[in-house]
Amino acid sequence: MESTDKQLLMACRSGDAGAWESLINRYQRLIYAIPRRAGLDDDQAAEVFQEVFTTLVQKLDDITEPDRLHAWLVTTTRRKTWRAISNRKGWQQVIGGSTDDATAFEVASVADGMPLPDEIIGRLEEQHRVRTALAALDERCRKLITMLFYAEEPRPYAEIAVALGTSPGSIGPSRARCLEKMLRLLS
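Keep in mind the model is a prediction, meaning the values are calculated, not measured.

(A) Geometry of the nonpolar core. In this structure, Trp20, Leu23, Ile31, Leu56, Leu69 and Leu73 are the most contacted members of the largest nonpolar core, which totals 27 residues. Of all elements in the fold, only helix H1 (5-13), helix H2 (17-37), helix H3 (42-59), helix H4 (69-94) and helix H6 (118-136) reach the threshold of two or more residues within this core. If sequence neighbours within four positions are ignored, Leu56 has contacts with Leu9, Trp20, Leu23, Ile63, Leu69, Trp72 and Leu73. Counting residues in hydrophobic clusters, the runner-up holds 14 residues, among them Cys141, Leu148, Cys178 and Met182.

(B) Representation of the state of the cysteines within the structure. The final tally for this structure, using the stated rule, is one disulfide. Across the disulfide from Cys141 sits Cys178; the S-S distance is 2.1 Å. Across the S-S bond linking Cys141 and Cys178, the dihedral sits near -75°, which makes this disulfide left-handed. Of this pair, Cys141 sits in helix H7 (residues 139-149) while Cys178 sits in helix H9 (residues 171-186), and the two are 37 residues apart along the sequence.

(C) View of the environment of Leu148. Position of Leu148 relative to the elements: it lies in helix H7. You can call Leu148 buried: its relative accessible area is 19%. Taking the C-alpha atoms as reference points, Leu148 and Ile171, separated by 23 residues in sequence, lie 9.7 Å from one another. Ignoring sequence-local partners within four residues, the contact set of Leu148 consists of Tyr157, Ile160 and Arg175.

Cut-offs and rules
Residues numbered from 1 in each chain as written. Predicted model: local features only at pLDDT ≥ 70, side-chain atom pairs only at ≥ 80, totals over all residues. Heavy atoms only, no water. Core = buried A, V, L, I, M, F, W, Y, C linked by side-chain atoms within 4.5 Å. Buried < 20%, exposed > 50% of the residue type's maximum accessible area, 1.4 Å probe, protein only. Helix = DSSP H or I, 4+ residues; strand = E, 2+ residues; numbered from the N terminus. Contact = heavy atoms within 4.5 Å. Disulfide = S-S within 2.5 Å.

Now the structure itself:
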């Protein structure tokens, strides 16, 4: 069973390097996705990522609700993203006011510092919850759900049955049991 955020945070506080790695692996996609969706490039998103985890290290003992680490990380990432966007726009204004067409287009296509739409953040958080639940499933269920729902092209039950070493008739009931387990993890 996978550790909870609270367990990981407590282990991080005691200097457990493995807990840090688990925490980073758990949240890296979510933390990178927020600045990328806001219009920042890969390098800027990596900077936001570094700043978020640097802030987490600095504030590690100040987090009073370890169960709400997910919310803390999302809020911190959003703030650091807005700051990066503001700094980028400020930099454009400082270097001359008038810019060439390509730069003007780039600045116009960047989010204007307004909060990210709640629907986008909600979707990102939901995707993260689903990935976390999928990772917590046993290997057989994880493999089945991945083959059924994450493949680019739907795979025939016969092919899935061969990969799992079972009969095609057992795929449907197995799918139902695995989805039930996943629902329990999500609630």
